[in-house]
Amino acid sequence: MSRTLAPHGARPATGPVLSTTLNLPECRARGWVVVDSMVDGLAMGGTRMTPTVTEQELAGLARAMTHKLALVGLPIGGAKAGIAPDPGAVVERRAVMREFGRAAAPLLHGGVYLGCDQGTTYADRRQAFEAAGYDVTRRPGTTRLTVGWAELWDHMADITGFGVAVAVLGALRASGARTPQRVAIQGFGTVGRAVADHLAAHGHLVVAVADVLGTVEDQRGLPVAELTALTSGDGTIDRSRLPARVTVHGPGQAWLHVDADVLVLAASPAAVDEEAVPAVRARLVVEGGNLSCTEPARRLLREAGHTVLPDVVVNVGGAAATGCVLTGLAPSDLPLPKLSGWLRDWVAGRVARNCELVQELSASGSADPVAQLLGSRATPPGAAGSEAPSER
């Protein structure tokens, strides 16, 4: 393990406080953990496993985590981990996660919580934690649970998508929409499927969904429950079993050109860049994934009259719910249904309020509503301010 660490008590001007390379030789993979900031001895973020993930990408994602947690008022710093299997390597997934867990054990036990992200699952996280000998529920100050950590998150699997849906519904109410709106979703993994389910349940039409193979579209509304049943765990839709009325587009950005009122981005970073902006037809663009739009694209979209809800405000459900438990903010000893309800209400309230503020700042002409919102709040080291959030 090699690392770069800022001096004790120092606040980095531009970089993370800690960037660690994990050696995973038995699995022919590279790994990193990047900690952007620490607050009260805690930092948190997901573990991303893709062939192309880099330390630089993780630094940007860790900074976004710092901002997400500050915006919802949780006293936790931001972090992110990544695993990049060597090209062509054939390794057992379980072995990769267990070796990652053993390598990351000192950080886990030292206050850096590493959950799930793109390319990893709750089962992967469980393997890593077991290999590290790490039980988050035993950390002093954590909410006391009546169920195991794994059971809680099996029950809360849709929480990030739920938060994204809350943001969409709030924005549509604010816009005065009274009829069912047409929604296009780029990415049909855990987040994209949950968004589709929640919006369909509120009467809106999911007219297009994109996965790694392309886009499926039906302007009359896709059958969301049926589509979900045809989708694998990695978010790939089985085209051979789609209803005949569904139009199938091949690889590319057909999702960008779909006639829709709402575009939810729930897959790759920089899905919408400056070149893509002129093709966006939806008036509401929601970043349900991490760094879904480039910063110049966000600015150009706003200038063109689109409403943009950024990832650090919208894609926060899983992190916020986890943070409520890690900090002991969530009530202890609640049965699972009541704890789930409490967490969902808390997430919904924070997401809705922050989206309202971003929209108000945008309407007032702010060029960077998130930066302005962060600047108005106390934020942890490594973020926009110099003090930890006081709201717990």
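Residues numbered from 1 in each chain as written. Predicted model: local features only at pLDDT ≥ 70, side-chain atom pairs only at ≥ 80, totals over all residues. Heavy atoms only, no water.

Draft legend 1. Highlighting the overall build of the protein. For the protein, the count of helices and strands is 13 helices and 13 strands. The C-alpha atoms of the protein give a radius of gyration of 20 Å, which matches the 21 Å a tight globule of 392 residues would have. With 392 residues in all, the protein has 55% of them scored as buried. Across the protein, contacts joining residues at least 24 apart in sequence account for 66% of those joining residues at least 6 apart. Summed over its atoms, the accessible surface of the protein is roughly 16100 Å², and 52% of this surface lies on carbon and sulfur atoms. Averaged over its 36 positive side-chain charges, the protein has a centre that lies 3 Å from the centre of its 38 negative ones. (Helix = DSSP H or I, 4+ residues; strand = E, 2+ residues; numbered from the N terminus. Rg over C-alpha atoms; globule rule 2.2 N^0.38 Å. Buried < 20%, exposed > 50% of the residue type's maximum accessible area, 1.4 Å probe, protein only. Contact = heavy atoms within 4.5 Å. Areas by Shrake-Rupley, 256 points an atom, 1.4 Å probe, with all protein chains shown as cover. Lys, Arg positive; Asp, Glu negative; His and termini not counted. Charge placed at Lys NZ, Arg CZ, Asp CG, Glu CD.)

Draft legend 2. Structural context of unusual backbone geometry. The phi torsion at D40 lies on the positive side, around 50 degrees, for a residue other than glycine. Its place among the elements puts D40 in the loop between β3 (29-35) and β4 (43-49). D40 sits in the exposed class, given a relative accessible area of 56%. Residues other than glycine seldom take positive phi values, yet L291 does so here, at roughly 55 degrees. Mapped onto the elements, L291 comes out in the loop between β12 (284-287) and α9 (295-303).

Draft legend 3. Seen up close, helix α3 (residues 122-132). Burial in α3 covers these residues: D124, R125, Q127, A128, F129, A131 and A132. Buried residues in α3 make contact with α2 (93-109), β6 (112-116) and α4 (149-155). Directly after α3, the chain includes G133, whose backbone phi takes a positive value near 65 degrees.

Draft legend 4. Seen up close, the packing of aromatic side chains. Summed over all chains, the structure comprises five aromatic pairs. Judged by centre distance (5.6 Å) and plane angle (70 degrees), the ring pair of Y113 and F129 falls under edge-to-face. Remark: F129 occurs in helix α3 and Y113 occurs in strand β6; sequence separation between them is 16 residues. Across this residue pair, the class does not change: Y113 and F129 are buried. Their ring planes at 75 degrees and their centres at 6.0 Å tell us that Y113 and W149 sit as a pair that is edge-to-face. Residue Y113 is found in strand β6, and its partner W149 is found in helix α4; the two are separated by 36 residues along the sequence. Each member of the pair, Y113 as well as W149, carries the same accessibility label: buried. (Phe/Tyr/Trp six-rings, centres within 6.5 Å; stacked < 30°, edge-to-face > 60°.)

Draft legend 5. Just the pairing of strand β7 (residues 182-186), in detail. For β7, the buried fraction is high: four of the five residues fall into the buried class. In the sheet, β7 pairs with strand β8 (residues 205-211) via five bridges, with the strands oriented parallel. Residue pairing in the sheet places Q186 in a bridge with A210 of β8. One crossover worth recording links β7 to the parallel β8 by way of helix α6 (residues 190-201), and it is right-handed. (Pairing = 2+ DSSP bridges. Right-handed = clockwise from strand over helix to strand, strands pointing away.)

Draft legend 6. Quick look at the sheet that holds strand β9 (residues 214-217). Spatially, the seven strands line up as an open sheet ordered β10-β9-β8-β7-β11-β12-β13, and their pairing is mixed. Both outer strands of the open sheet, β10 (247-249) and β13 (307-309), are each paired with one neighbouring strand and no more. If you compare each strand with its neighbour and ignore which way they point, the axes differ by 15 degrees on average. Sitting on the sheet, helix α5 (residues 159-175) touches β11 (262-265), β12 and β13, and the angle it makes with β12 is about 160 degrees. Across the sheet, α6 touches β7, β8 and β11, and the angle it forms with β7 is around 170 degrees. (Axes fitted to C-alpha atoms, helices over the stretch in contact; angles between N-to-C directions.)

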